[in-house]
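Structural overview for review
In case you want the letters, here they are:
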Amino acid sequence: MMIEKKLKQLSEEIEIPDTLKPDQIEQKLQHSKAGRQSRYARRFTTRLALGAACILLVAAVGNYLLASGILNHNSLDTAAEQNPGPQSDSSSPAAVSQPPEGKATPEGEMYETLRQKIALDMESSGGGSLYENEYDMAEAVPEKSKAADTAGSTADSAQRSSSKEYSGTNLQVQNVDEGDVVKTDGTYIYTSAADTFGSSVCIYKADGKNTKKMTEITLDSMSISEMYIKDHFLVLVGSDWKEPPTPAKKKISESYAEDNIQQENTLVLVYDITDIEKPRQTFRKNQSGSYSNSRISGNYLYTYSVMYAVSADKEDKLERYIPSVGGSLVPEDRLVIPSGISSHAYMVFTSLDITGGTDFTDTLSILGGDGICYVSEENIYIASQTADYTKTTISRFHYQEGKLKENGEKTFRGKILNQFSMDEYEGKLRFVATTQNSNNTKTSNGLYVLDENMELLGKVDRLAKSERIYSARFMGDKAYFVTYRETDPVFLVDLSNPSNPVVKDKLKIPGFSEYLQGYGEGLMLGIGSNINKDWDTQIKLTMFDISSGSSVKEIHTKLLEKETYGLAGKNHKAILADPGKNLIGFAAESYEKGKQKITYRLYSYDRKKGFKKLATLSPKDMDMSSARGLYIGEHFYLSDGEGIGGIYVYDLNTFRQLAKVTK
């Protein structure tokens, strides 16, 4: 009963610390002049304030769940007594849906089990919310997993051939392609944009000053989230606006009494673009849930969506609480209910052979919500926060030639920042995480190694107390990660003995890096921010010397003008960092005389002289989140974001504008 008393006491006495109160957070994020706060900082303020409120809500709800018998005292007492960080004891194994050998599950039994569990969860959470598990998803080379740590912006894998050298999407893992809003195959540039009634894809022939638009694909009632180019196939993934065949509308709580919430669908489209002027659609199918993430490995697209059941009454149709793929309910033997789960959200996985599949190759649906996605060359890892927001469960799913298999999980107390916080190397998962104490007032950080069975193999923790992780990068048997409060400690951890990680160095410098990437032999690039005493923010470029393998040295920095912001730590695909071509490019938001301005900045790096500014490109009305820069041959191409203005073409040596090709 110990944990029950603790929760009851928390529900009655816990207070939000002054430092987390909305007015304090807002005050700290204000800039020296009124009205200059970045929209990204304002978004952070709102989310942090909501997070603080959630702490109080969780304590009260936890006491109610215990009193009603919904939660098990023993399991909570055990979790409460654990030390911060992963434990060597394994989490309870998932209760997989397959029946025992030699026995058959009666038809509909799994569906009914899910209905009862979902109904119980929705009742206990006051009707539930489609948004209850949302949080910032603010995501070493070919032995097992080879991260693109030195290649930077790598050419998209298996593209149609091009005689010219070109840049591609900035990938975390070689041979595992990631979708983006702009793609190239070295011959054509593909851009996606939202339209009034849906979305469109424009295809441009990249030919320097003679660049021209070839064709446009218009898609009604679809929002394109990401796209891929694989050989002569164009793959689009996103949200389908159209209503599902069976509407699922239900009032979900008194707070949303006027809302009618409807299930979302993720749409997957494939086009054969052998004839670039006449793309031919070869595949179009839905899967339940809002689009979350995807990857292409080999010829297979692996797509991950999140479906929330909006009701699970006995009289409801199955479509309201069981996910569908390709127009059919997910078979019962492909549904998984992990033990101890209280959720009405599914992770819905599908695989598709994009070179000729007429249906999804495989599907797997797991009750348990959303999470941060990292994909190695063999496994998909999803790091999901638990219902109380204090722990994280990392679930592993093995994939091979389109086949999906649940393959273990581990729960620990703490949070993972993004996909770069995880890395698979020689069959082992390494990750860094930030852990809060029981009162959520202090933090510490650590690095952990799980073996092939997802059991704790080694760790180094209780680092950088009262700070949190801002960025991480694994490179072979070394790991680098940044924590921040007032200075930027850059940790170097030696993982040559995975059962005994060792901190080799800790470098403290002003500001913090939100993104880390290898930049040629013995160098690591950091892109982040510097904040002065007046809370003025400016983008900071840092080059680290990591050549010794046992120390980290800051050898050059460059600060952009005051009140500049970037998305380096939030979207690595918006960064061009190519050491071979010696190009560093990204969009930045700045303020001049109180007016907001979005520009694209380009730099090179010299080991003796440091960073050199190459150009500041200023297309009109550029959108920072979707602006992309790339090079093909001797030309630099800039998509101004959302495809509104089309493509700008520059000479790669002088950055003189040669052409503008409008949409």
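Throughout what follows, the structure given in this document is the object of discussion. Just so it is clear, the model here is predicted, and its values are computed rather than measured.

**A short note on the overall build of the chain**
For the chain, the helix and strand inventory stands at five helices and 41 strands. When the 663 residues of the chain are sorted by exposure, 56% land in the buried category. Accessible surface, the chain as shown: approximately 28,300 Å² in total, 47% of it carbon and sulfur.

**What about the nonpolar core?**
Counting residues in each nonpolar core, the largest one holds 35 residues, and the members touching the most others are Phe349, Ile380, Ile394, Ile416, Met422 and Phe431. Core analysis: the next-biggest nonpolar cluster, separate from the first, contains 30 residues, Tyr228, Val235, Ala309 and Ile322 among them.

**Focus on the pairing of strand 36 (residues 595–606)**
On a regular strand, one side chain projects to one face of the sheet and the next to the other, so that they alternate. Note that strand 35 (residues 583–592) and strand 36 share nine bridges and pair antiparallel. Counted as the bridge partner of Phe586 is Arg601 from strand 36. Note: strand 36 against strand 37 (residues 610–617), seven bridges, orientation antiparallel. Following the sheet pairing, Ser604 is matched in strand 37 by Lys612. Hairpin remark: strand 36 followed by strand 37, antiparallel, with three residues in the connecting loop.

**Details of unusual backbone geometry**
Trans is the common state for peptide bonds, and a negative phi is the common state for residues other than glycine. The backbone of Tyr389 sits at a positive phi, close to 65°, despite the residue not being glycine. Its place among the elements puts Tyr389 in the loop between strand 18 (379–385) and strand 19 (391–400). Despite not being glycine, Phe655 has its phi angle at roughly 60°, a positive value. By the secondary structure assignment, Phe655 is in the loop between strand 40 (647–651) and strand 41 (657–661). Under the relative-accessibility criterion, Phe655 is labelled buried at 10%.

**Considering the sheet that holds strand 17 (residues 372–375)**
With antiparallel pairing, four strands are arranged side by side in an open sheet as 17-18-19-20. The open sheet has two free edges, formed respectively by strand 17 and strand 20 (403–413), since each of these has just one partner strand. For this sheet, the mean angle separating the axes of adjacent strands, direction not counted, is 20°. When strand 17 meets strand 18, the two strands line up antiparallel, connected through four bridges. Its bridge partner being in strand 18, Val375 is matched across the sheet by Ile380.

**Observations concerning the pattern of salt bridges**
A pair can form between side chains of opposite charge whenever their charged atoms are brought close. This model, assessed by the stated rule, comprises 19 salt bridges. In this structure, Glu216 and Lys213 form a salt bridge, with 2.6 Å as the shortest nitrogen-oxygen distance. Judged by its relative accessible area of 31%, Glu216 is partly exposed. When the shortest N-O distance is used, the salt bridge between Asp388 and Lys391 registers 3.0 Å. Residue Lys391 is classed as buried on the basis of its relative accessible area of 16%.

**Some thoughts on the packing of aromatic side chains**
One pass over the structure, following the stated rule, counts 19 aromatic pairs. Relative to Phe512, the ring of Tyr484 lies with its centre 4.4 Å away and its plane at 50°, an arrangement referred to as tilted. Of this pair, Tyr484 sits in strand 26 (residues 478–484) while Phe512 is found in strand 29 (residues 512–518), placing the two residues 28 residues apart along the sequence. Taking relative accessible area as the criterion, Phe512 reaches 8% and is therefore assigned buried. The rings of Tyr600, Phe636, Tyr650 and Phe655 are connected pair by pair, giving a single aromatic cluster. Its guanidinium or amino end placed over the ring of Tyr470, Arg468 lies 4.1 Å from that ring's centre, counting from NZ or CZ.

What counts, and where the lines are drawn
- Residues numbered from 1 in each chain as written.
- Predicted model: local features only at pLDDT ≥ 70, side-chain atom pairs only at ≥ 80, totals over all residues.
- Heavy atoms only, no water.
- Helix = DSSP H or I, 4+ residues; strand = E, 2+ residues; numbered from the N terminus.
- Buried < 20%, exposed > 50% of the residue type's maximum accessible area, 1.4 Å probe, protein only.
- Areas by Shrake-Rupley, 256 points an atom, 1.4 Å probe, with all protein chains shown as cover.
- Core = buried A, V, L, I, M, F, W, Y, C linked by side-chain atoms within 4.5 Å.
- Pairing = 2+ DSSP bridges.
- Axes fitted to C-alpha atoms, helices over the stretch in contact; angles between N-to-C directions.
- Salt bridge = Lys/Arg side-chain N within 4 Å of Asp/Glu carboxyl O.
- Phe/Tyr/Trp six-rings, centres within 6.5 Å; stacked < 30°, edge-to-face > 60°.
- Lys NZ or Arg CZ within 6 Å of the ring centre and 35° of its normal.

That is the geometry; function is a separate question.
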